[in-house]
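Fold and geometry: a report
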Amino acid sequence: MKLPNINKKRILTLLRDGKRLDGRKPFELRDISIETGVSINAEGTSRVKIGKTEVVVGVKMDVQEPYPDHENEGTMITSMEFSPAAGERWEGGPPGMDSIEIARVVDRGIRESGFIDWKKLCIKEGEKVWSVLIDIYCINDDGNAMDASALGAIAALKLARFPVYDEKEEKVKFGEFTDKPLPLTEKLPLTLTFHKIGDKLIIDPNRDEEDSGEARITIAVSSVKKEKMINAMQKGGITPFTIEEMEKIIEETEKAYDKIFAEIEKKIKHVTK
Amino acid sequence: MPYTKRPDKRKFDELRPIKAEVGVIPNADGSALFAFGETVAIAAVYGPKPLHPQHMQEPDRGIIRCNYNMLPFSVTERARPGPNRRSKEISMVAGNALASVVDLTRFPGTVIDVEIIILQANASTRCAGINAAAMALAHAGIVMKEMVSSVSIGKIDDKIVMDLIKEEEDHEEGEGATDIPFTMTSRTHQITHLQLDGRIQTHRFKEATEAAKEACKKILKYQERALKGEKIDETK
Amino acid sequence: MTPKTEETEDTEMEIKETKCERKLVIPGETIASGEDYLPGDFTRKEGSEVIANRYGLAEISGRVVKIIPISGVFEPRRGNNVIGRVEDINFSGWMIDIGGPYSSFLPLMECPRFINRNNIAEFANIGDVIHAKILGVKKGGVDLTLKSRGLGPLENGRLIKINPNKVPRVIGKEGSMINLIKDNTKTEITVGQNGFVWVKGELDGEEKAEKAISLIVEESSNSGLTEKIEKFLGGKK
């Protein structure tokens, strides 16, 4: 069912008191869980839940020619789909605008943060480089698939290892893996999504809140020597944000990043044991 | 080399370790996971619900719309996302395998959506998918005469075996490999889905059918236990 | 909805409560065998066997064997009280989402008072919530009416969605459960048979009532449900 008007009104009334329909505070995230082991045939996988929103992510690796303007750097392609299993509103068919936008924002966050050391993905300059293929599937949608997707992608990258590469044949031996992890840096990018409902801001919206929101902003942020870097931003919806609201969002982004960074590191370590 | 032992040391009439569970997708009206060893499928059911556009509606019955989706990272060499000829064919045969036990006359003009997702693949993906989908349909409270269970029967060299893995499908020596996925109803053991790929002597086909019947009986027990609340994981 | 092992405990509890046997069955399962048994809801007889046509709790009461569904979408029947959301408006009435297999329609004529065609949206606009009654179910659609006491648009409060099969539990025997929640949370509650529940009161009361309803749905098959809800409501205010 789509959002009833009375629920939107309730969401607004509660926010005036600094409360949310599910009992959270405006800048409180839902519980996050990170698991792996979705597919042994992938170089890396993750299964991430934020509240009831769940995504499965797989990283596959292949070897290809580099782009002419980056001859000594690896490449990356990110795809995202809402599976029709995810909820009533998601029907089959090719990825729609929602999916494309999520894939692009996740991609930019990872790319611009410097989380992947692209030069270390070069096999032979100008001829052969590693290509990282990230596939994200939302299988249960209760809002904020954006942040779940980004987190899932990061987790799958952290858990991935190279496949075996046959240097003589210059081919990947699919299904055979090395122990070598991907060349990742400390600059872990996270995305944080805020919604504006009425004149109130919230983080990590659930489905009803997402449907109530008039404007949305996603910020991909990473950390370099305790300093936060914004790597990607995407505003959604028609309603504008004020400059003051953006300042508040940046402030809350910094806080949320620190809060979940440690938790994520711990959870990923726990998964890898 | 003659085929005397299975690569994973199973008996010829032994299934891989099974995983079975219902309720894995909270938003769905019914959902389930079913795995034969390394082949893992989940299924979600939505409906019966209104069907749009109207010209797709059947005046005297509802329809089942099944979609089989093998995720790109479920296989060793990344599969291109989205539907292809193979996935469309499997979606159709799986939908028919399930529809034969479902009472579609109760809600004319409606649709029951069945989404099958293959998370990890090592052969028999359609069978794992159909098993999960049958559980998800039951879990969604759909009126069904009986359950269906699905298994791949193989003739590898001259042996009839249950629940094939990739390595067996690729067996070339001797008489080679024949893959025969079956789906059977739980009470009457009628065949609601049957495909075959390979070469098998006509006089040996009966053996394959008998093996399928035995395997489906075993699989039904897992589906039943999961629907009755057990979370089964023999892979641990 | 995940059936948990508690479903089997439900069997024991129900024996005590209703003096008849209940067990969870799957489609195609033989529930009872013998010439005396008669097939009731969602069962059929083949030879001397009574067989399940649906997943749910099988109940044998006297000679009759039936299945009580625990899952599945709302199945509309004439006379059902339902709550829905206005999906669309046309010149002759409102399209309403009540869940379940069919879309439903509330004709302008079925309003208790005269409404000018130009003011349809004023009475109920897209996204508004309406309490209505099912006038009839025909092939492909459900017709609704407001011509009965207490029906009409629902203002303020919140709408929550529950498994429609749990509605009898939420209402309780002769409304005992729902009255318990209303009294303790000082809220107005309307339970649609389609599993849409409307709760209105002070914000705290609404929140508590919503939690109590979720608790009933989660624990519906456990014993001592009433005590649990009493304890929950009696707890911190």
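On a predicted model such as this, the values are computed, not experimentally measured, just so you know.

Moving on to the overall build of chain C. Counting its secondary structure elements, chain C contains six helices and 16 strands. When the 237 residues of chain C are sorted by exposure, 52% land in the buried category. Long-range pairs, those at least 24 residues apart, make up 58% of the contacts in chain C between residues at least 6 apart in sequence. When the accessible surface of chain C is summed, it comes to about 11,300 Å², and 48% of that surface belongs to carbon and sulfur atoms. Side chains of chain C give 34 positive and 36 negative charges; the mean places of these two sets differ by 3 Å.

Looking now at the confidence of the model for chain C. Residue and element names in this part refer to chain C. Put simply, chain C has an average pLDDT of 89, and 90% of its residues get 70 or more. Contacts for the low-pLDDT stretch residues 1–19, under 50 throughout, to residues beyond four places or in other chains number 39 contacts. Predicted complex metrics record ipTM = 0.95 and pTM = 0.94.

This part takes up the nonpolar core. Among the nonpolar cores identified, the biggest contains 66 residues, and Phe34(B) and Val114(B) are the most heavily contacted of them. With sequence-adjacent residues up to four places away left out, Val114(B) is seen in contact with Ala44(B), Val45(B), Ile64(B), Arg65(B), Cys66(B), Asn67(B), Leu98(B), Ala133(B) and Leu137(B). One finds Met80(A), Ala155(A), Tyr165(A) and Leu201(A) within the second-largest nonpolar core, a separate group that totals 64 residues.

Okay, the sheet that holds strand S5 (residues 49–52) of chain C next. Residues and elements named next belong to chain C. Taken in spatial order, the three strands line up as S2-S5-S4 in an open sheet, and their pairing is antiparallel. Each of the sheet's edge strands pairs with one partner strand only, and the pair in question is strand S2 (30–33) and strand S4 (43–46). With direction set aside, neighbouring strand axes in the sheet form an average angle of 25°. Where S2 and S5 come together, three bridges link them in antiparallel fashion. Bridge pairing in S5 links Ser33 to Glu49.

This brings us to the interface of chain C and chain B. In this complex, chain C contributes 30 residues to the contact, which on the side of chain B involves 29 residues. Between chain C and chain B, the buried area comes to about 2,300 Å², and carbon and sulfur atoms account for 55% of it. For chain C, the biggest contributors to the area lost against chain B are Ile26(C), Pro27(C) and Pro101(C); these three give 22% of the whole. Connecting chain C to chain B are three salt bridges.

Let us look at the pattern of salt bridges. Enumeration according to the criterion identifies 61 salt bridges over all chains in this entry. Between Asp141(A) and Arg207(A) there is a salt bridge, with its nearest N and O atoms 2.7 Å apart. You can see Asp141(A) sitting in the loop between strand S6 (128–140) and helix H3 (145–159) and its partner Arg207(A) sitting in helix H4 (residues 207–212), a full 66 residues away along the chain. Of the charged contacts in the structure, one is a salt bridge between Lys49(B) and Asp113(B), with a shortest N-O distance of 3.0 Å. Taken together, the residues Lys49(B) in strand S3 (residues 39–50) and Asp113(B) in strand S5 (residues 110–120) connect sequence positions 64 residues apart. Lys49(B) sits in the buried class, given a relative accessible area of 16%. The class of Asp113(B) is buried, set by a relative accessible area of 16%. Salt bridges sharing common partners tie together Arg20(A), Asp22(A), Arg24(A), Arg30(A), Asp142(A), Asp204(A) and Glu209(A).

Here we take up the pairing of strand S9 (residues 191–194) of chain B. Residues and elements named next belong to chain B. Where strand S8 (residues 177–185) meets S9, three bridges bridge the pair, whose relative direction is antiparallel. Paired with Met184 across the two strands is Ile191, which belongs to S9. Turn length for the S8-S9 hairpin, with the two strands adjacent in sequence and antiparallel, is five residues, and the turn residue His189 shows positive phi of about 50°.

This next bit is on the pairing of strand S11 (residues 215–224) of chain A. Residue and element names in this part refer to chain A. Along S11, nine of the 10 residues are buried, which leaves the element largely enclosed by surrounding structure. Pairing analysis gives seven bridges linking strand S9 (residues 190–197) to S11, with the strands arranged antiparallel. If you follow Leu192 over to S11, its bridge partner there is Ile219. Two elements, S11 and strand S12 (residues 227–237), share 10 bridges in a ladder whose sense is antiparallel. For Ser222, the partnering residue across the bridge sits in S12 and is Met229. Between S11 and S12, which pair antiparallel one after the other, the connecting turn spans two residues, and Lys225 there sits at a positive phi close to 45°.

Calculation notes
Residues numbered from 1 in each chain as written. Chains lettered and ligands numbered in written order. Predicted model: local features only at pLDDT ≥ 70, side-chain atom pairs only at ≥ 80, totals over all residues. Heavy atoms only, no water. Helix = DSSP H or I, 4+ residues; strand = E, 2+ residues; numbered from the N terminus. Buried < 20%, exposed > 50% of the residue type's maximum accessible area, 1.4 Å probe, protein only. Contact = heavy atoms within 4.5 Å. Areas by Shrake-Rupley, 256 points an atom, 1.4 Å probe, with all protein chains shown as cover. Lys, Arg positive; Asp, Glu negative; His and termini not counted. Charge placed at Lys NZ, Arg CZ, Asp CG, Glu CD. pLDDT = per-residue confidence, 0-100. Core = buried A, V, L, I, M, F, W, Y, C linked by side-chain atoms within 4.5 Å. Pairing = 2+ DSSP bridges. Axes fitted to C-alpha atoms, helices over the stretch in contact; angles between N-to-C directions. Buried area = accessible area lost by both parts, 1.4 Å probe. Salt bridge = Lys/Arg side-chain N within 4 Å of Asp/Glu carboxyl O.

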